[in-house]
Structures are given as C-alpha cells and as structure tokens.
2 protein chains.
Amino acid sequence: MKALPSENDLLRRFESLFATRRRDVKVGVGDDAAVLAAPALLAVCTDALVEGEDFTSGTDPYLVGRKALNVNLSDLAAMGAAPLHALLTLGLPRQTPVAWLDGFLDGFRAAAREQAVVIVGGDLSASIERFASVTALGRVPASGPLRRGGGNPGDELWVSGTLGAAAAGLSLVLRGYRRDREGKVTAPHGRRVSPVRRDEIARLLRHLLDPRPMIDLGRMLAEGEIASAAIDLSDGFARDLHRLCRASGTGACVEREALPVDSGLATMPGLPSDPYDLALFGGEDYGLLFAVPPQRLRAMGKVAARFAVRRIGRLDATSKIVLAEGGRLSPLPDRGFDHFARDAR
Amino acid sequence: MKALPSENDLLRRFESLFATRRRDVKVGVGDDAAVLAAPALLAVCTDALVEGEDFTSGTDPYLVGRKALNVNLSDLAAMGAAPLHALLTLGLPRQTPVAWLDGFLDGFRAAAREQAVVIVGGDLSASIERFASVTALGRVPASGPLRRGGGNPGDELWVSGTLGAAAAGLSLVLRGYRRDREGKVTAPHGRRVSPVRRDEIARLLRHLLDPRPMIDLGRMLAEGEIASAAIDLSDGFARDLHRLCRASGTGACVEREALPVDSGLATMPGLPSDPYDLALFGGEDYGLLFAVPPQRLRAMGKVAARFAVRRIGRLDATSKIVLAEGGRLSPLPDRGFDHFARDAR
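All of these numbers come straight from a predicted model, not from anything done at the bench.

Q: Residues and numbers for the overall build of chain A, please.
A: For chain A, the count of helices and strands is ten helices and 15 strands. Its C-alpha atoms put chain A at 65 × 55 × 35 Å along the principal axes. Here chain A holds 345 residues, and the buried ones make up 56% of them.

The following block contains the structure:
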C-alpha cells in the first residue's frame, strides 16, 4: 500500500482536483482563503465525521466521502437552502494508504456534483484517527429560511422517508456486515445469506452509509412558504422532535400508527423486538421533520404528490411531547443519539 | 475533575454562550444552519488544530482556543478581508475535563471579541484526540482580495513582524517549557531560569502559542490597493515565498541581511547555531509576506509608518528563488513545515 505523499504535493493535487470555472467562485482552492460572490442570505453549517464514532475503519472510503458532505447538505435542506459551496478539512494518520484518500475524495466529489456544490477550500492535518470536518454554504430563498422555532399550536407534523432504517443498518454493521459503494454486501465470518435477505441488508446499510439529503423537499417547503418549522432527523426522531418543539415553544402529539416505521425493522432477525425502538430513538435517518399550518395544507398536497412524506401528528399548546395509540397517550422521552453518553454505542 | 455533560446539555450551553444580537446574523447558533446577511464578496477559509500535531496536551486550553480562531483570521488577513463570522467544530475525548472545554471556549471567544467576530455555528463530536476545526468568514473590499498570484517581476517583497520566534518557541516547548495565558513560564524539571531569560522565553512562547493575525495590515494593503500579492507565513518563510512565487509565476531574490530575524534566536541557548535556519524554515510566524509594485511604494510609506514591516527583496522574471549576501547568490529551497513528513518534528 502506498502511503501519503508530502503535504505540499497533496495540496497541489487538491488545487487541480477542485479547480472550477463557476462564476460565483472568484478565488477557489489554492489561496489563503476562497472568495465568493455570495447570495444576499447565506446559510452556513458545519458537521464532522470521526472514525470510530461516525464510521468504522472498514467502511468504504468512497461512502465516507459522500456522507461527510451529505450530512451537511441535509442541514442546509432543513433550512430550505440551495447548496452552493463546501470546504473540507481532513485529519489523516501518516500511514493512511493513498487509496483511502482517493476513495474518499471520489465520494466527496461525486456527492458535490450531484448537488452542484463547488469545493472552495480545505485543510489537511496529520492525526491519530481519521476525521472529516466539512462546512457547507447555501442560498436561502428571499422568502426566508425554515427555522426550528417557527411552529405553532395547531400546525400539522410531517416527516419524510421512513424511520429506523439507518439504526437497523448500524446494528448490522456492529454485527460485522459491510457494504461497498456498488452495494455489494459482505456477511461476517463467511455467513451465508439468502439473496432476498442480502438485498434487504444492502438497503438498510445504504440508509446508514449513504444517506441522501432532502434538498428539493426543503427548498419546496421554504420557497412555497409551506412549512412553518423544520429540522433534519440526525439524532433520532424523538430527540429532534423535542428540539423542534422546544424551539417553537409548543408541545406535540404524534399518532404512533401514522409513523413511517421502516418495513425492514420487523422482518430482519437480530434487531430489537419492538421496531418502534429504532424508529423513535435511532439516529441518522436524515429525512425532514416539519410543521405545516392548517391554511397551507392545500399547498402541502402538491408536496405530498412529489415526495414520500407522511402526516404524523400535530403541534399543540401543551408543554408535553406524547405518543397517541388507540386513544391512550404516553410520554415520548427526549432520548436519542448522544456523542458523550458513556454507553452511546 | 468533572467530565463532560451530555451532548444535548453542551449544545444548549453553546446556544446561550454564542447568542448574538448583531443584525447581520439572521439565524445564529442553535438551528440546523446559520443564516447570514452576507457581503457581496465573501472570503471563507478553514484551518484545524490537532492535539499532538499543532499543540501539546499540556498547552493552556485558553491559548489553544485563541489560536484555533486566530490562525484562520490570519488567512483572512492575507486576503485583505475583514473578519465577520466563525464556525467551530470540536472533537473531544469523553474523559475531557469540563475545565478544559471552558478554558478553550474562553480563549476562542476572547479572540473573537477582539476582532468583532460572531460565532454562528459548530459541531461537537467525541474523538480519541482533541481537535478544533474552524471556518472563518470575512468581507472582501470592493477593490478585490489580495491574492498569492498577483505579483509581478519588479515588485518589492515585504514582510511583517520578525521571523523564527514561533519556531524558537516550539523548540522550547519540546524541551519542556510551558507558558500559561497570563504569561507565566514553567521551566522543565524545576530548572532555574534568570528573570531576564524568563521574560525572553515568555516572549518566544507567546509567538508560538498566541499568534496575532495581521488583520489591519491586510485590510490596509487591500483597501489601498497597495500590495499586488500576499500570503500569511504559516509553514515557514521559504515555503510560503515559494508558494507566492509559484502562484505569481515569478522568481525572487531576497537580501539575507534584510530579513527581520527575531532577536531571540541568537541569544537563547539550545537553539540551532544558525538563527537563519529557524527564520527561513520554521513555521507559524503568522506575519504577512507581500509584494508591492514600484508605483505603490509611496503609499507603502504610510503602511510602514504604522506597522512593523520590512523590505526584504524583489520579485523577478527568473524561475529561481535565491538568497543574496554580499553579492553572492544561493538557492533558497522549498522547505518548511510538512504535516506528512515522517520526521516533521
């Protein structure tokens, strides 16, 4: 395995790799800072992936690269912003094989291309563990951003995609399953897996390893002034709902049976017996959770015709977050993923 | 020692700590992304500090916090940009004492206050080693940014501050000297140091541990359209001069005797016998190296009256970077700090 060349050589390589002709980039990679023709309202966010915390050392670096950008674009999506630019800081052990860096950059650039994101800067440092710290910039529509705190009692709660698939994928990874960029699944210890089950494992692992940011949905909700509040689901449905409600100063009631629990949670052996455990408290779904005022429900119909979204409950004037099932209410605790919890994983 | 609270608690603390009323911040810390009223020309850069690479575990966290922001502001200074906003991503081991985080944040916020920088976002992750990855945003003047590549043959080369003090400070740190935020020096193994020497050690350590970004100088050079090219000195004078010349497509001739070699390099015992070794090839001076066209030398007089700057040589039409001394020329190699060199430190 070839190890990394000198920092100077790497930086020069990045300069040619990230060269751009886009006219909003006045100065790109290769100077002390980038210079951009910025939109009037700029959204900016930052999110890092750390080896051993956010990905295992055996993860296909192409997928790590994709995810490092896409988790940031998911934050932009939750604001209703259109992605424009990104900066990438990499921490790499000196013995990192060049192939790992190449794979990572291929994935990062592929994800950038998909959303017309230009990479305008970065930094490179030696480190003990691999990490990728990304900053993303985007354009907020003139109608203003989606906020966590814009919800009001009476607004309906909606969620995109399904819940719990990424958490199920994490459980599979912890049991030794792997998936590469082409979708090929490797089972632990040469275990035999039927083709049907293998496809389902690949799908659950895809949710964990290669989440897709809901950019178009976020933009439609913001530009059409349809949602009053939004958040992306990164730390688990329950925790992120608590955040949206805390910011909005509302309570919420969620219909348990309306929740789009991923279909794989009930059928895949080895997962917790109650699929709702993963759906409510598992993280990294990267769908959007958002609130829609009653008077915008007609416009919401157009959104529902285009995206997989589901109405799951309602904000209310209480200070409680509850689950409703057959007329019975139970509290939904503020529980989810926590980097600093001692038993987090 | 109290260890870190939960991530949720930390994030809430950051929200109140980084709350702002500045009107260009439409959405600050606490949502999925910040939303800013951006300047027409936005400078953006990112730079990370990693424990064991960029600071030792015994470094006063207040100074690490200051430096994490200031190395980024130094990059903005080299573009002639005025700092506006910053984002901070921290990787922290779970057993990090709360006091370390508090010290870091105090330092980061103090450096931000000094330059009217508002912290608008961030991320927090568990990690094996501590790291701080920062992104800084700034306003580029309407006259345009300073670039590395704007120099022309005949332009005079100038440098701010002195050279080599931070490298001398690093040599002291590696020998066990420490300096806290108040300037108090601790000598290794209870070694006795005279008060005069102690002051000099404190000064050299200050250059390494608490560099000051040359914001006002950079702005004056850009807004007055005085410099044709600029770069900040982060990886050593020689390496950064090579970068400026490569980008400008010029060579350069530097007068060895004109170089502002720091006065401490010749008098401090235990440093390399030739002070020029540290001055030319040591990193982290964080002054500005810049080129001034002959027709702007009168305007440059006003700069020289306000800042400690020195004329050190000239860009030329050769492809060589040389040192001149008493009529003799010797090549100045492209050597300096490299994160990925095996024997870097």
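Q: Talk me through the relation of the copies chain B and chain A; I want residue IDs and the actual numbers.
A: Structural alignment of chain B on chain A gives an RMSD of 0.0 Å, achieved by rotating through 180° and translating 0.0 Å along the axis. This pairing of chains is accounted for by a two-fold axis. Here 100% of the interface residues in chain B have copies in chain A that are interface residues too; the copies meet face to matching face.

Q: Just give me the short version of the nonpolar core, but keep the residues and values in it.
A: If you look at the biggest cluster of nonpolar residues, it comprises 225 residues, and the most contacted ones within it are Ala43(A), Leu289(A) and Ala43(B). Residue contacts for Leu289(A): discarding those within four places in its chain leaves Leu157(A), Val159(A), Ala230(A), Ile231(A), Leu233(A), Phe237(A), Asp240(A), Leu241(A) and Leu244(A).

Q: Give me the interface of chain B and chain A: which residues, what numbers.
A: Counting residues at the interface gives 60 residues for chain B and 60 residues for chain A. Looking at the side of chain B that touches chain A, the element that brings in the most residues is strand S3 (residues 41-50) of chain B, giving nine residues. Split by residue class, the side of chain B that touches chain A holds 32 nonpolar, 13 polar and 15 charged. Where strand S2 (residues 34-37) of chain A meets S3(B), four bridges bridge the pair, whose relative direction is antiparallel. Each residue of the ladder has a partner; that of Ala37(A), found in S3(B), is Leu41(B).

Q: Go over the domain arrangement of chain A, please, and point to the residues and values.
A: All names here are of chain A. When the domains of chain A are assigned, the result is domain 1 (7-139) and domain 2 (148-331). Placing a centre on the C-alpha atoms of domain 1 and another on those of domain 2 gives a separation of 26 Å. At the junction of the two partners, domain 1 supplies 20 residues and domain 2 supplies 23 residues. Every element with two or more residues in the side of domain 1 that touches domain 2 is listed here: helix H2 (61-79) and strand S4 (82-92). A total of twelve residues in the side of domain 1 that touches domain 2 trace back to one element, the largest contributor, which is H2.

Q: Summarise the pairing of strand S14 (residues 321-325) of chain B; cite the residues concerned and give the values.
A: It is a general feature of regular strands that their side chains alternate between the two faces of the sheet. All names here are of chain B. Sheet topology note: the strand S11 (residues 251-255)/S14 ladder contains four bridges and is parallel. Note on S14: the bridge partner recorded for Glu255 is Ala324. Pairing of S14 with strand S15 (residues 328-331) involves four bridges; the strand directions are antiparallel. Considered in S15, the bridge of Ala324 is made with Leu329. The hairpin formed by S14 and S15 contains two residues between the paired strands, and Gly326 there has a positive phi angle of roughly 55°.

Q: Could you give an account of the sheet that holds strand S4 (residues 82-92) of chain B, naming the residues involved and the relevant values?
A: On the basis of which strands lie adjacent, the open sheet formed by six strands has the order S1(A)-S2(A)-S3(B)-S6(B)-S4(B)-S5(B) and mixed pairing. Bordering the open sheet on either side are strand S1 (25-27) of chain A together with strand S5 (118-126) of chain B, each of which pairs with just one other strand. Ignoring strand direction, the axes of neighbouring strands in this sheet form an average angle of 20°. In the sheet, S4(B) pairs with S5(B) via eight bridges, with the strands oriented parallel. When the bridges of S5(B) are listed, Thr89(B) appears paired with Asp123(B).

Q: Could you give an account of the sheet that holds S4(A), naming the residues involved and the relevant values?
A: Ordered by their spatial adjacency, six strands build an open sheet running S5(A)-S4(A)-S6(A)-S3(A)-S2(B)-S1(B), and the pairing between neighbours is mixed. With partners counted over all chains shown, the strands left at the sheet margins are strand S5 (118-126) of chain A together with strand S1 (25-27) of chain B, one partner each. Averaged over all pairs of adjacent strands, the angle between their axes in this sheet comes to 20°, without regard to strand direction. The sheet contact formed by strand S3 (residues 41-50) of chain A and strand S6 (residues 131-139) of chain A spans nine bridges and is antiparallel. Counterpart to Val50(A) in the pairing with S6(A) is Phe131(A).

Q: Can you lay out the packing of helix H4 (residues 165-174) of chain A against helix H5 (residues 195-209) of chain A for me, pointing to particular residues and giving the numbers?
A: All names here are of chain A. Between H4 and H5, whose axes approach to 7 Å, the crossing angle comes to 105°. In terms of orientation, H4 lies roughly perpendicular with respect to H5. Between H4, through Ala165, Ala166, Ala168, Gly169, Leu170, Leu172 and Val173, and H5, the contact on the second element is made entirely by Ile201, Leu204, Leu205, His207, Leu208 and Leu209. Grouping the constituent residues of the contact of H4 with H5 by class yields eleven nonpolar, two polar and no charged.

Q: Before we move on, can you summarise helix H4 (residues 165-174) of chain B with the specific residues and values?
A: All names here are of chain B. A large share of H4 lies buried, amounting to seven of its ten residues. Every buried residue of H4 is listed here: Ala165, Ala166, Ala167, Ala168, Gly169, Leu170 and Leu172. If you follow the buried residues of H4, they end up packed against helix H5 (195-209), helix H8 (264-267) and helix H9 (275-281). At the C-terminal side of H4, Gly176 shows a positive phi close to 105°.

Q: Break down H5(A) for me, citing the residues and quoting the values.
A: All names here are of chain A. Here H5 contains 15 residues, and its C-alpha end-to-end distance of 20 Å stays within 8% of the 21 Å for a straight helix at 1.5 Å per residue. Among all positions of H5, only Ile201, Leu204, Leu205, His207, Leu208 and Leu209 are buried. Residues of H5 that are buried in the fold lie against H2, H4, strand S8 (178-179), strand S9 (185-186) and helix H8 (264-267).

Q: Describe in detail unusual backbone geometry, supporting the description with residues and values.
A: For Tyr286(A), which is not glycine, the phi dihedral falls at a positive 60°. Checked against the element boundaries, Tyr286(A) lands in the loop between helix H9 (275-281) and strand S12 (288-292). Even without glycine at this site, Glu284(B) takes up a positive phi of about 70°. With 22 C-beta atoms counted inside 10 Å, the residue Glu284(B) sits in the buried group.

Q: Break down the packing of helix H2 (residues 61-79) of chain B against helix H3 (residues 98-114) of chain B for me, citing the residues and quoting the values.
A: Residue and element names in this part refer to chain B. Remark: H2 packs on H3, axes separated minimally by 6 Å, with the N-to-C direction vectors making an angle of 40°. When the axes of H2 and H3 are compared, the pair comes out oblique. Between H2 and H3 the crossing geometry is right-handed. Touching Pro61, Tyr62, Leu63, Val64, Gly65, Arg66, Ala68, Leu69 and Asn70 of H2 are Trp100, Gly103, Phe104, Leu105, Asp106, Gly107, Phe108, Ala110, Ala111 and Ala112, all from H3. In terms of residue class, the contact of H2 with H3 is built from 13 nonpolar, four polar and two charged.

Calculation criteria
- Residues numbered from 1 in each chain as written.
- Chains lettered and ligands numbered in written order.
- Predicted model: local features only at pLDDT ≥ 70, side-chain atom pairs only at ≥ 80, totals over all residues.
- Helix = DSSP H or I, 4+ residues; strand = E, 2+ residues; numbered from the N terminus.
- Buried ≥ 20, exposed ≤ 12 C-beta atoms within 10 Å, placed from the backbone.
- Least-squares fit on C-alpha atoms with pLDDT ≥ 70 in both.
- Contact = placed C-beta atoms within 7 Å.
- Core = buried A, V, L, I, M, F, W, Y, C linked by C-beta atoms within 7 Å.
- Nonpolar A, V, L, I, M, F, W, Y, C, P; charged D, E, K, R; others polar.
- Pairing = 2+ DSSP bridges.
- Domains from an automatic or database assignment.
- Axes fitted to C-alpha atoms, helices over the stretch in contact; angles between N-to-C directions.
- Parallel < 35°, antiparallel > 145°, perpendicular 65-115°, else oblique.
- Expected span 1.5 Å × (residues − 1).
- Left-handed = near helix turned anticlockwise from the far one by under 90°.

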